[in-house]
Amino acid sequence: MRKKIYWIEGDGIGAEIWRAARPVINAALALESGDTLEWIELPAGEKAQTETGSSLPESTLQALANATLAMKGPLGTPVGTGIRSLNVALRQGLDLYACIRPVRYFDGLETPVKHPERVNMVIFRENTEDVYAGIEYAACSPESQKLIVFLREELGAKNLRDTAAVGIKPMTEHGSKRLIRRALRFALDTGQKSLTFVHKGNIMKFTEGAFRQWGYDVAAQEFAEDTCTEKNPRPGRLIIKDRIADAMFQEALLRPEQYHVLATPNLNGDYLSDALAAQVGGLGLAPGVNMSDTLAFFEATHGTAPTIAGQDKANPGSLILCGALLLEHLGIPAAAERIRKAVAKAIAAKNVTEDLAPQIAGAKIVGCAAFGDSIGENL
């Protein structure tokens, strides 16, 4: 088998983590099945801006629109100015509505919590709505002032200052239910014990409160024979529960073993997935995938790290573990597990990149390339 996969190098440390990651992914696949991947690079980010004059060329979007597999390194996102986000543009343009982030611990890391081994969750984050829809207007702009007048005079909104910046948080039944439906199917297919809706419905009653209710509706209407609620547990069934977002952060620290799959609106999932990654060692070992109904787009979950770009200091672990998710998606779970065991063995050997070294007693710092080579040798 030769499977076509598009890839985007990314900005900052993108080039060096790809040089470390691709050989590992190729080798794991070849060792397990003898198959190969056909890698086709697409321009995006700073590299594309230099070469084409656009940070996200139409040709890239067209190729991805017809693709089934893709991977990307980190793309830069300016704060407070410039383009909103290439990542968000890709997610919305390609309808990548499910951001899926598995979080697990690798033995040997001395993380900030006492029992990181109890963390083993998969976050399903809605990826196209909520505040990430990008409907916001600058303070004192004509748009924000017009909207403030409308909210006051037509809808009776109070406590709105004339100088306010204004954002709108759209959440739909369609967008919420398709994300929750996907999370439910995953939980049932993989034999999970529970699925938890994480929301702020006590305050945002008609957006996040609706997300919670739509979740229970999907479970009751489409998965009734396989699920039950926390109040009425039934042996052998997936338990459906919900938690207020701020309480869930506490639960993740105190009782992580009680949570298995989380389904969240966009912003809650953004916060939680990074916080959970910190509990088990950081974003350097956190893979992720954004999915539509047709495209699986795997991506390193960390940033571009411009201060260390080109210095052989980056951790390629996130991208390598994205490769494991890719191979699992292709129906070759043994190749995926081969990668995870190789990463675990590299950590156990204590020769790791500088972001992991402070978490391992007696560790020796190695570069990005050497860490990738070590993982490859462990396959």
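Residues numbered from 1 in each chain as written. Predicted model: local features only at pLDDT ≥ 70, side-chain atom pairs only at ≥ 80, totals over all residues. Heavy atoms only, no water.

(A) Representation of the domain arrangement of the chain within the structure. For the chain, the assigned domains are domain 1 (1-98 + 282-378), domain 2 (112-126 + 171-280) and domain 3 (136-169). Each partner contributes to the interface: domain 1 provides 10 residues, whereas domain 2 provides 9 residues. For the pair domain 1 and domain 2, the two sides together bury roughly 860 Å², of which 47% comes from carbon and sulfur. Our count for the contact surface shared by domain 1 and domain 2 stands at 1 salt bridge. (Domains from an automatic or database assignment. Contact = heavy atoms within 4.5 Å. Buried area = accessible area lost by both parts, 1.4 Å probe. Salt bridge = Lys/Arg side-chain N within 4 Å of Asp/Glu carboxyl O.)

(B) Summary view of the UniProt feature "modified residue: Phosphoserine" (unreviewed entry) in the chain. Under the present numbering, the feature "modified residue: Phosphoserine" (unreviewed entry) in UniProt falls on S85. Along the polypeptide, S85 turns up in the loop between β3 (69-72) and α4 (86-93). Assessed through its relative accessible area of 12%, S85 is described here as buried. (UniProt positions renumbered as here; feature names shortened; annotations may be inferred. Helix = DSSP H or I, 4+ residues; strand = E, 2+ residues; numbered from the N terminus. Buried < 20%, exposed > 50% of the residue type's maximum accessible area, 1.4 Å probe, protein only.)

(C) Summary view of the pattern of salt bridges. Counted under the stated rule, the structure contains 19 salt bridges. When the shortest N-O distance is used, the salt bridge between R212 and D242 registers 3.1 Å. Of this pair, R212 sits in helix α7 (residues 208-222) while D242 sits in strand β10 (residues 238-244), and the two are 30 residues apart along the sequence. Residue classification places D242 among the buried positions, given a relative accessible area of 18%. Residue R340 is joined to E328 by a salt bridge in which the shortest nitrogen-to-oxygen separation is 3.0 Å. Remark: E328 occurs in helix α10 (residues 317-329) and R340 occurs in helix α11 (residues 333-348); sequence separation between them is 12 residues. Relative accessible area serves as the criterion here: at 36%, E328 is assigned to the partly exposed category. Through salt bridges with shared partners, one network takes in E9, E41 and K47.

(D) Representation of the UniProt feature "modified residue: N6-acetyllysine" (unreviewed entry) in the chain within the structure. Within this numbering scheme, the UniProt entry marks K114 as carrying the feature "modified residue: N6-acetyllysine" (unreviewed entry). Structurally, K114 can be placed in the loop between β4 (98-104) and β5 (120-126). For K114, a relative accessible area of 80% puts it in the exposed group.

(E) How the structure looks around the environment of L262. Within the secondary structure layout, L262 lies in strand β11 (residues 261-264). For the pair L262 and D242, spaced 20 residues apart in sequence, the C-alpha separation works out to 9.0 Å. For L262, the residues in contact, after removing those within four places along its chain, are M121, V122, I123, F124, T196, V198, M248, L272 and L276.

(F) Spotlight on the pairing of strand β1 (residues 2-8). Sheet topology places β1 next to strand β2 (residues 36-41); 6 bridges connect them, and they run parallel. Residue pairing in the sheet places R2 in a bridge with T36 of β2. Taken together, β1, helix α1 (residues 14-33) and β2 form a β-α-β motif whose crossover is right-handed. Summarising the sheet, β1 and β3 pair through 3 bridges and their orientation is parallel. Residue pairing across strands places I8 opposite K72, the latter belonging to β3. (Pairing = 2+ DSSP bridges. Right-handed = clockwise from strand over helix to strand, strands pointing away.)

(G) The sheet that holds β10, seen in detail. As summarised here, the arrangement of the 11 strands in space is β2-β1-β3-β13-β12-β4-β5-β11-β8-β10-β9, forming an open sheet in which the pairing is mixed. Of all the strands in the sheet, the pair left with one neighbour each is β2 and β9 (227-229). Strand-to-strand twist of the sheet, defined as the mean angle between neighbouring strand axes without regard to direction, takes the value 25 degrees. Here β3 pairs with strand β13 (residues 296-300) via 4 bridges, running parallel. Bridging from a neighbouring strand, M71 pairs with F298 of β13. Where α1 meets the sheet, it contacts β1, β2, β3 and β13, and its direction lies at approximately 155 degrees from that of β2. Of the strands in this sheet, β4, β5, β8 (194-199), β9, β10, β11 and β12 (287-291) are in contact with helix α6 (residues 173-189), which crosses β5 at around 160 degrees. (Axes fitted to C-alpha atoms, helices over the stretch in contact; angles between N-to-C directions.)

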